[in-house]
Amino acid sequence: MSERLTKSAARNIFYGGSAFFFLLFVGLTAHSHYYVVTESSPSETVTESVARGKHVWEENSCINCHSIMGEGAYFAPELANVWTRYGGRDDAEGARMAIIAWMQSQPSGIEGRRQMPNFNLSDQELNDLVDFLRFTDGIDDQNWPPNDAG
Ligand code: HEC
């Protein structure tokens, strides 16, 4: 056996390695595509009200106190699962009314409890916000937050 790497051996390593990693890349691309289509896409569709609700969320800087899917401030509860927390999966109308009533009744004024300001949002804005929170709840965020309380 020759001790030096021959030209043909080097060529075979080059072509073989290129083919191997090319096939690996194709395989991983196919797997990512399959995962996006079957698992990681939200179960709800982005409707116009979801998009408007996201704007309400941004314009009022809710993220300055809350986190959503782990992003944001840790002063107030995580809201990616607030729809589930309010029972929206079993009783959608009840959860919608409860979240809206909560927003309208702030600040609670309860001493020793963190306060949320009242944003004086219109009925339309409140409903859009709820649609946005509902949509977010439907995204597969790999079970974040780890507990129901957020
Ligand atoms: C100044 C900080 C602050 C901002 C800004 C803020 N919140 Fe809150 N929010 C709180 C606090 C504090 C609580 C918890 C209060 C309590 O439990 O009494 C809360 C609670 C909530 C809850 C109920 C959560 C639960 O699990 O019961 C919802 C829904 C909510 N906020 C939505 C919003 C939305 C939507 C916005 C933006 C329009 C927003 N918040 C902006 C501080 C804030």
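Residue indices follow the written sequence of each chain, beginning from 1 at its first position. For a predicted model such as this one, the threshold for reporting local features is a pLDDT of at least 70, and the threshold for listing and counting side-chain atom pairs is 80 or more; totals across whole chains, interfaces and linings nevertheless cover every residue.

Overview of the overall build of the protein chain
Moving on, step 1. Where helices and strands are cited, they refer to DSSP runs of H or I of at least four residues and of E of at least two residues respectively, numbered from the N terminus. Within the protein chain, the secondary structure is distributed over 5 helices and 2 strands.
Moving on, step 2. Seen in sequence order, the protein chain has helices and strands lined up from the N terminus as α-α-β-β-α-α-α.
Moving on, step 3. Note on method: radius of gyration uses C-alpha positions; expected globular size equals 2.2 Å times residues raised to 0.38. In terms of C-alpha radius of gyration, the protein chain reaches 25 Å, well past the compact-globule figure of 15 Å for 150 residues.
Moving on, step 4. A residue is called partly exposed when the number of other C-beta atoms within 10 Å of its own lies between 12 and 20, exposed at 12 or fewer, and buried at 20 or more, with C-beta atoms placed from the backbone. The buried share of the protein chain, reckoned over its 150 residues, is 17%.

Brief notes about the packing of helix H2 (residues 48-59) against helix H5 (residues 123-137)
Moving on, step 1. Relative orientation of the contacting elements H2 and H5 amounts to 100°, with a least axis distance of 7 Å. Here H2 lies roughly perpendicular to H5, going by the angle between them. For the pair H2 and H5, the contacting residues are Ser-49, Val-50, Arg-52, Gly-53, Lys-54, Val-56 and Trp-57 in the first and Glu-125, Asn-127, Asp-128, Leu-129, Asp-131, Phe-132 and Phe-135 in the second.
Moving on, step 2. A class-by-class count of the residues in the contact of H2 with H5 yields 6 nonpolar, 3 polar and 5 charged. As a rule, the C-alpha atoms of each element are fitted with a line to give its axis, helices using only the stretch in contact, and angles between N-to-C directions run from 0 to 180 degrees. Any angle from 65 to 115 degrees is called roughly perpendicular, while one under 35 is roughly parallel, one over 145 is roughly antiparallel, and all others are oblique. Placing a C-beta atom from the backbone of each residue, one calls two residues in contact when those atoms lie within 7 Å. Charged residues are taken to be Asp, Glu, Lys and Arg, nonpolar residues to be Ala, Val, Leu, Ile, Met, Phe, Trp, Tyr, Cys and Pro, and polar residues to be all remaining types, Gly included.

Topic: unusual backbone geometry
Moving on, step 1. For the bond from Gln-106 to Pro-107, the omega torsion is -5°, close enough to zero to count as cis.
Moving on, step 2. The topology assignment puts Pro-107 in the loop between helix H4 (92-104) and H5.
Moving on, step 3. Backbone geometry places Asn-120, a non-glycine residue, at a positive phi of 45°.
Moving on, step 4. With respect to the helices and strands, Asn-120 occurs in the loop between H4 and H5.
Moving on, step 5. A count of 8 C-beta atoms within 10 Å places Asn-120 in the exposed class.
Moving on, step 6. A positive phi angle, near 50°, is found at Gln-142, a position not held by glycine.

Some remarks on the site of the ligand
Moving on, step 1. Being near a molecule or strand means, for a residue, that its C-beta atom, positioned from the backbone, comes within 6 Å of it. The environment of the ligand is formed by 22 residues, the closest being Cys-62, Cys-65, Ala-76, Arg-114 and Met-116.
Moving on, step 2. Of the residues in the shell around the ligand, the class split is 13 nonpolar, 6 polar and 3 charged.

Topic: the domain arrangement of the protein chain
Moving on, step 1. Entries for the protein chain in the domain assignment read domain 1 (1-39) and domain 2 (45-138).
Moving on, step 2. Here the C-alpha centroids of domain 1 and domain 2 sit 48 Å apart. Each domain's extent is set by a domain assignment, obtained either automatically or from a database.

Some remarks on the UniProt feature "domain: Cytochrome c" (unreviewed entry) in the protein chain
Moving on, step 1. UniProt positions are given in the numbering used here, feature names are shortened, and annotations may be inferred rather than shown by experiment. Per the UniProt record, the feature "domain: Cytochrome c" (unreviewed entry) sits at residues 48-137.
Moving on, step 2. Between the C-alpha atoms that bound residues 48-137 the distance is 17 Å, and the span itself is 49% helix and 4% strand.

Quick look at the UniProt feature "transmembrane region" (unreviewed entry) in the protein chain
Moving on, step 1. Per the UniProt annotation, the sites labelled "transmembrane region" (unreviewed entry) are residues 12-36.
Moving on, step 2. Spanning residues 12-36, this segment combines 100% helix with 0% strand, and its end C-alpha atoms are found 36 Å apart.

Some words on the nonpolar core
Moving on, step 1. We define the nonpolar core as any set of buried residues of the types Ala, Val, Leu, Ile, Met, Phe, Trp, Tyr and Cys, connected via C-beta atoms lying within 7 Å of each other. In terms of nonpolar packing, the biggest core is built from 14 residues, with Val-82, Trp-83, Tyr-86, Ile-99, Leu-129, Phe-132 and Leu-133 touching the most fellow members.
Moving on, step 2. Listed by contribution, the elements that provide at least two residues to this core are H2, helix H3 (82-85), H4 and H5.
Moving on, step 3. Looking at which element gives the most residues to this core, the answer is H5, with 5 residues.
Moving on, step 4. If near-sequence neighbours (up to four positions away) are discounted, Tyr-86 is found in contact with Ala-95, Ala-98 and Ile-99.

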